[in-house]
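This is what each chain is made of:
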Amino acid sequence: MRWHALPLLALAASALLPLVACDGKARLHAFTARFWNASEGCLESEAVVDVIDGSDPGECPRTQCWVTPAGDAYVTTDACVAPLDFRDGTHDPAPSICADALEALAAGEDGSCGA
């Protein structure tokens, strides 16, 4: 199931505020990514997909494609960790959902939904 960005972003922000340790470091962080809309053949805008336990590890400047247990794909360009039940499909050979999603990312705006 895919969630829309605004309600989930508000939920993530409200969840993060009370879960700050005494040292001021958050114990949760948001996982943001672009959903591969396979039926439309394009990537949706970046949105909060999930909230992950642990401090934010910071940016990781590499492109990755993550596959959910339901078989959906999400593309990130700065997250090296994803929810525990997602698998890294970045190097899945074509034809695959991640190969298609990464091809759309490489196409720039032409690979974005609503372009």
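Structure shown above.
Cut-offs used in this document
- Residues numbered from 1 in each chain as written.
- Predicted model: local features only at pLDDT ≥ 70, side-chain atom pairs only at ≥ 80, totals over all residues.
- Heavy atoms only, no water.
- Helix = DSSP H or I, 4+ residues; strand = E, 2+ residues; numbered from the N terminus.
- Buried < 20%, exposed > 50% of the residue type's maximum accessible area, 1.4 Å probe, protein only.
- Contact = heavy atoms within 4.5 Å.
- Pairing = 2+ DSSP bridges.
- Axes fitted to C-alpha atoms, helices over the stretch in contact; angles between N-to-C directions.
- Salt bridge = Lys/Arg side-chain N within 4 Å of Asp/Glu carboxyl O.

Draft legend 1. Quick peek at the environment of A82. With respect to the element layout, A82 can be found in the loop between β4 (73-76) and β5 (87-88). Given the relative accessible area of 13%, A82 is considered buried. Expressed as a C-alpha distance, the spacing of A82 and Q64, which sit 18 residues apart in the sequence, is 9.9 Å. Aside from chain neighbours lying at most four places away, what touches A82 is F31, I52 and W66.

Draft legend 2. Region of the structure containing the sheet that holds strand β3 (residues 64-67). Ordered in space as β2-β1-β4-β3-β5, the five strands form an open sheet in which the pairing is antiparallel. Edge strands, defined here as strands with exactly one partner in the open sheet, are β2 (42-53) and β5. Across the sheet, helix α2 (residues 97-106) lies against β1 (28-37), β2, β3 and β4, angled at about 140° from β3, the strand it touches most.

Draft legend 3. Spotlight on the pairing of β3. Burial along β3 is two-sided: the face carrying Q64 and W66 and the face carrying C65 and V67 are both buried. As paired strands, β3 and β4 are joined by four bridges and run antiparallel to one another. Within β4, the residue paired with V67 across the bridge is A73. Hairpin remark: β3 followed by β4, antiparallel, with five residues in the connecting loop; positive phi at G71, about 90°. With two bridges joining them, β3 and β5 adopt antiparallel strand pairing. Paired with V67 across the strands is R87, a residue of β5.

Draft legend 4. Examining α2 more closely. Every buried residue belonging to α2 is among C98, A99, A101, L102 and A104, and all of these are buried. Turning to α2, the residues buried within the fold contact β1, β2, β3 and β4. Following α2 by one or two positions, G108 adopts a phi angle in the positive range, close to 70°.

Draft legend 5. Summary view of the pattern of salt bridges. Scanning the model with the defined rule gives one salt bridge in all. One salt bridge connects D92 with R87, and the closest N-O pair in it is separated by 2.8 Å. Taking the relative accessible area as the measure of exposure, D92 reaches 22% and is therefore partly exposed. Assessed through its relative accessible area of 42%, R87 is described here as partly exposed.

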